[in-house]
Amino acid sequence: ERMFIRSILPIAMAYILLMSLIMSGQWMLQSTIEERSSKLIEAVLACASPGDFMHGKLLGTMAIGLVMIATWIACGLFAAFATQGAIADFIRPALEPLQSAGSIAAILYFFLAGYVMVALIFLVIGAMSDSMQDAQGFLVPTILILIMPVMVLMQVVISGTESMLVHVLTWIPLFTPFAVLSRLGAGIPTFEIVGSGLLLLAFIALEFVVL
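Let me begin by describing the structure that accompanies this report. (Residues numbered from 1 in each chain as written. Predicted model: local features only at pLDDT ≥ 70, side-chain atom pairs only at ≥ 80, totals over all residues. Heavy atoms only, no water.)

On a plain count of helices and strands, the chain comes out with nine helices and zero strands. Ordered by position in the sequence, the α and β elements of the chain form the string α-α-α-α-α-α-α-α-α. Per-residue burial for the chain yields a buried fraction of 41% across its 211 residues. The contacts of the chain with a sequence gap of at least 6 include a subset with a gap of at least 24, amounting to 75%. Accessible surface, the chain as shown: approximately 10,700 Å² in total, 73% of it carbon and sulfur. (Helix = DSSP H or I, 4+ residues; strand = E, 2+ residues; numbered from the N terminus. Buried < 20%, exposed > 50% of the residue type's maximum accessible area, 1.4 Å probe, protein only. Contact = heavy atoms within 4.5 Å. Areas by Shrake-Rupley, 256 points an atom, 1.4 Å probe, with all protein chains shown as cover.)

Printed below as a string of structure tokens:
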């Protein structure tokens, strides 16, 4: 029961990361396609380089998404410390991982790195597509590839069973943030955190080159 309670916060962060990325990623995708179809992008590129334009769009969408996430977290903290009752008694023990500086650093790193990594994928899809119909051909498979393994991963971690799938997904950059966040509560070796974190960073650098 203690391991399950400790896993609530990391797994919740992985779930929030997935849901917020799907929402904010689609906003970014739609805005990019609208700017291309309305020829607005040509006017913008007369004043800024393609790299600056895409990086600015990435930062703007990330800022909106992170503010939304911060609001959700603030509501959770308010429910935990400013209220009394069953909900507060349930949330407070789940915040135990935040008592460790290492856990806090790992949660922040993999959450932000995961946000950048998946947001870049949506941005690349928007850059390649001339219409929402074209984008749907990339978007639907991408969302399914993200959601299906992550949901299975969370179920395995919650059940507390050892699975090779969990270890494999930890080393696949596309699923690394979700796998590491989900495993933090139950315990994950330091070498896996460091190694998968470096691999994820290299994958993000490759995404910027592709973008």
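This next bit is on the nonpolar core. Grouped together as the largest cluster of nonpolar side chains are 50 residues, with contacts concentrated most on Leu17, Met117, Val118, Phe178, Leu181, Leu184 and Ile204. Mapped onto this core, the elements with two or more residues apiece are helix H1 (2-37), helix H3 (50-81), helix H5 (101-128), helix H6 (132-159), helix H7 (164-170), helix H8 (176-183) and helix H9 (190-210). In terms of residue count, the dominant contributor to this core is H5 (15 residues). (Core = buried A, V, L, I, M, F, W, Y, C linked by side-chain atoms within 4.5 Å.)

Once that is clear, we can look at the packing of aromatic side chains. In this structure the tally under the stated criterion is one aromatic pair. Centre to centre, the rings of Tyr109 and Phe110 are 5.1 Å apart; their planes meet at 90°, and the pair counts as edge-to-face. What makes Phe110 buried here is its relative accessible area of 1%. (Phe/Tyr/Trp six-rings, centres within 6.5 Å; stacked < 30°, edge-to-face > 60°.)

Another aspect to go through is H8. Buried residues dominate H8, accounting for eight of its eight residues. Those residues of H8 that sit buried are Thr176, Pro177, Phe178, Ala179, Val180, Leu181, Ser182 and Arg183.

On to the side chain of Ser196, then. When you line up the elements, Ser196 lands in helix H9. From its side chain, Ser196 meets the backbone oxygen of Glu192 in a polar contact 2.5 Å long. Not counting residues up to four positions away in its chain, the partners in contact with Ser196 are Phe110, Thr170, Trp171, Thr176 and Val180. (Polar contact = N/O pair within 3.5 Å; in protein donor to acceptor, adjacent residues only side chain to side chain.)

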